[in-house]
Amino acid sequence: MNKPVIIGSGLAGLTAAWALAPTECVLVTPGTLTDNAASMWAQGGIAAALADDDSPTLHAADTVRAGAFVGDTRTIRRITDAAPDVVALLADLGVPFDHTDDGRLDLALEGGHSRSRVAHAGDSSGAAITRTMAAAVRDLPSVHTLERHAARRLLTGADGAISGVEVIAPDGCALVLETDAVVLATGGMGALWPCTTNPATALGQGVAMAARVGARTDDLHLVQFHPTALDVPAFPNPLLTEALRGAGAILTADGERFVHELQPRDVVAAAVWEQLQAGRSVRLDCREIPCVATRFAAVAELCAAHGFDIVRDLLPVRPALHYSMGGVSVDAHARTSVPGLWAVGEVSRTGLHGANRLASNSLLEAVVTGRAAADSIRGADTRWTPQVLPVDPATVVPPSAGAAVDLGEVRAILGASCGVLRDGESLEGAVDRLAELRHDDAGYVAWLVARSALLHPHTVGAHRRIDEQLETAAAQEVPA
Ligand SMILES: Cc1cc2nc3c(=O)[nH]c(=O)nc-3n(C[C@H](O)[C@H](O)[C@H](O)COP(=O)(O)OP(=O)(O)OC[C@H]3O[C@@H](n4cnc5c(N)ncnc54)[C@H](O)[C@@H]3O)c2cc1C
């Protein structure tokens, strides 16, 4: 077997590279190691049942509930069971988690969690965790990092299994890395929407590459809107972490509270959206949080950069696309439906999140899936019989030439059809128009998302169909 190739160097890709050692691998990343990784932007932290009054069973139950009871219970159990060890591993590697005065991990409370269970390093937890993992990877002679290279296409042989990756070098030339083992770790796709908290480069290219070679994708319509992005004219929108609400921040619309702030994100996001649609001014009020500017130093800085003082001001907020629960379908070993292709982190669909991700479960998933892929690769079986369901052939669109696509148009279409609230008519129009843009990776992924939303006519978790009630009501109207 040629060296496995890992595409993407956020927490999931870095963990896979680290866990593979001493097996050699190639790590492909468009910038330097941690550039453009959402992992670096995570503010809240990583969830694990570590408190005396907590258990993985409770963590699993909260994950199931937040996910609207459609998550994969075996995956949820596996990942929540692994969580305490993941935090211990990260601490051993040197992540500077915050501790209480008596030396225990300081665990924060976040929405949807019934216990305080989010291990954090100030409010820059993702940067602390990802930098630590990147430093560990840099020390490894087994990892050959190919910086400033972006993967463009996956290559398959006559048997349909992976045979290589085409990457674009800094001079714009394409080169092929031959391998029969690829780990996709390309992160999310939030930048396909007009308002997002994701890096502007998070365009779902991993989903496009995988789907074009016949990998099954699931739940692409299940995207999470974070209820409290700072409502300023910026792309992406700065995030005001959920931990602020856990620490006592309240949401108001025209000065009145309108929602319980610690409900799961889909509930709070929908409530905020409804208030904004009704023309009210929605604000996050952090003024009662003790020492807010020091406890949430990174958020305070983000606010200041946009002219807001977190200590005194009411902060304008709006929902913004934050996380993709769906993605490339994988089994417990992070194996996709294409032999030789693993997917880890946010690009994968493990079933952990169901229809709505529980806060701070995704850094956890990135580490668990990264390690699972590494273990599986070391088992050296790249020609597996897929354990995930077969792909729907209608979703497989090979690459083709075509006119340049305007990303602004793709964003406008997804914003209008696949926002917090959806309806069949807008989705039909979106699917028709996006079908014409599928030669382009962004257009293709947007089409897959809109198609998936159209094919799911019922409201579940973050997928809210406003036409469902109308249909039900119409169906119940019995003609005289
Ligand atoms: C603002 C913000 C706050 C968050 N807070 C939390 C939190 O507190 N707790 C939590 O659990 N989760 C949080 N999340 C979610 C979490 O950060 C992500 O889900 C997780 O970090 C994803 O990790 P990843 O490694 O899969 O992807 P990423 O960290 O996004 O890394 C993707 C990598 O792939 C690379 N890449 C992309 N395309 C290509 C290509 N074609 N070729 C080569 N490389 C490519 C990128 O450059 C990057 O290196 C937050 C997300 C955001 C945006």
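Residues numbered from 1 in each chain as written. Predicted model: local features only at pLDDT ≥ 70, side-chain atom pairs only at ≥ 80, totals over all residues. Heavy atoms only, no water.

Within this structure's numbering, the places UniProt gives as "domain: FAD-dependent oxidoreductase 2 FAD-binding" (unreviewed entry) are residues 5-363. The distance separating the terminal C-alpha atoms of residues 5-363 is 21 Å; by composition the span is 27% helix and 22% strand. (UniProt positions renumbered as here; feature names shortened; annotations may be inferred. Helix = DSSP H or I, 4+ residues; strand = E, 2+ residues; numbered from the N terminus.)

Turning our eyes to something else, we now look at the packing of aromatic side chains. Enumeration over the complete set of coordinates arrives at two aromatic pairs. Note on Trp342 and Trp384: the rings are 4.7 Å apart at their centroids and 75 degrees apart in plane angle, and the pair reads as edge-to-face. Of this pair, Trp342 sits in strand 18 (residues 341-343) while Trp384 is found in the loop between helix 10 (362-378) and helix 11 (407-417), placing the two residues 42 residues apart along the sequence. Each of the two residues, Trp342 as well as Trp384, counts as buried. Between Tyr444 and Trp447, the aromatic rings sit 6.4 Å apart at their centres with planes inclined by 20 degrees, giving stacked as the arrangement. Separated by three residues within a single helix, Tyr444 and Trp447 lie in helix 13 (residues 441-454), roughly one turn from each other. Grouping residues by exposure puts Tyr444 and Trp447 together as buried. We note Arg438 situated over the ring of Trp447; from NZ or CZ to the ring centre the distance is 4.5 Å. (Phe/Tyr/Trp six-rings, centres within 6.5 Å; stacked < 30°, edge-to-face > 60°. Buried < 20%, exposed > 50% of the residue type's maximum accessible area, 1.4 Å probe, protein only. Lys NZ or Arg CZ within 6 Å of the ring centre and 35° of its normal.)

For the rest of this paragraph, the subject is the nonpolar core. Formed by 55 residues in total, the largest nonpolar core has its most connected members in Ile7, Leu154, Leu184, Trp193, Leu341 and Leu434. Ignoring sequence-local partners within four residues, the contact set of Trp193 consists of Val223, Phe225, Phe235, Leu321, Arg411, Leu414, Gly415, Cys418 and Val449. In this structure, Ile6, Ala16, Ala60 and Val137 belong to the second largest nonpolar core, which totals 50 residues. (Core = buried A, V, L, I, M, F, W, Y, C linked by side-chain atoms within 4.5 Å. Contact = heavy atoms within 4.5 Å.)

Before going further, it helps to spend a moment on the sheet that holds strand 18. Ordered in space as 6-2-1-10-18, the five strands form an open sheet in which the pairing is parallel. With partners counted over all chains shown, the strands left at the sheet margins are strand 6 (143-147) and strand 18, one partner each. Put simply, the sheet's adjacent strands are angled 20 degrees from each other on average, direction ignored. Pairing between strand 1 (residues 5-7) and strand 10 (residues 182-184): three bridges, direction parallel. Across the sheet, residue Val5 finds its bridge partner in strand 10, namely Val182. Across the sheet, helix 1 (residues 11-20) lies against strand 1, strand 2 (25-29), strand 6 and strand 10, angled at about 165 degrees from strand 2, the strand it touches most. (Pairing = 2+ DSSP bridges. Axes fitted to C-alpha atoms, helices over the stretch in contact; angles between N-to-C directions.)

As a structural note, the neighbourhood of the ligand is formed by 38 residues, with Ser39, Gly45, Glu346, Ser362 and Leu363 the closest of them. Taking Ser39, its side chain carries an N or O atom lying 2.4 Å from an oxygen atom of the ligand. Between the ligand and Ala185 there is a distance of 3.3 Å, counted from an oxygen atom to a backbone nitrogen or oxygen. When the ligand sits alone it has 1,000 Å² of accessible area, and the protein chains cover 96% of it. Looking at the shell around the ligand, the elements that each hand over two or more residues are helix 1, strand 2, strand 7 (150-156), helix 5 (205-212), strand 16 (314-324) and helix 10. Class assignment of the residues belonging to the shell around the ligand gives a composition of 16 nonpolar, 19 polar and three charged. (Near = heavy atom within 4 Å. Polar contact = N/O pair within 3.5 Å; in protein donor to acceptor, adjacent residues only side chain to side chain. Areas by Shrake-Rupley, 256 points an atom, 1.4 Å probe, with all protein chains shown as cover. Nonpolar A, V, L, I, M, F, W, Y, C, P; charged D, E, K, R; others polar.)

Let us look at the domain arrangement of the protein chain. What the domain assignment lists for the protein chain is domain 1 (5-222 + 325-378), domain 2 (227-320) and domain 3 (400-468). Each of domain 2 and domain 3 has a C-alpha centre, and the two are 28 Å apart. Taken together, the contact pairs seven residues of domain 2 with six residues of domain 3. At the boundary of domain 2 with domain 3, the tally comes to one salt bridge. Between Arg464 and Asp266 there is a salt bridge whose closest N-O contact spans 3.6 Å. Of the residues that constitute the side of domain 2 that touches domain 3, the class distribution is six nonpolar, no polar and one charged. (Domains from an automatic or database assignment. Salt bridge = Lys/Arg side-chain N within 4 Å of Asp/Glu carboxyl O.)

Right, let's get into helix 12 (residues 424-435). Spanning twelve residues, helix 12 covers 16 Å between terminal C-alpha atoms, matching the ideal 16 Å at 1.5 Å per step. Turning to helix 12, its buried residues are Gly424, Leu427, Ala430, Val431 and Leu434. Angularly, the buried residues of helix 12 cover 120 degrees about the axis, an arc narrow enough to put them on a single face. Exposed and oriented more than 90 degrees from the buried face of helix 12 are Glu425 and Asp432. Sitting at the amino-terminal end of helix 12 is Asp423, which places a side-chain oxygen 3.1 Å from the backbone nitrogen of Glu425. (Expected span 1.5 Å × (residues − 1). Arc of directions from axis to C-beta.)

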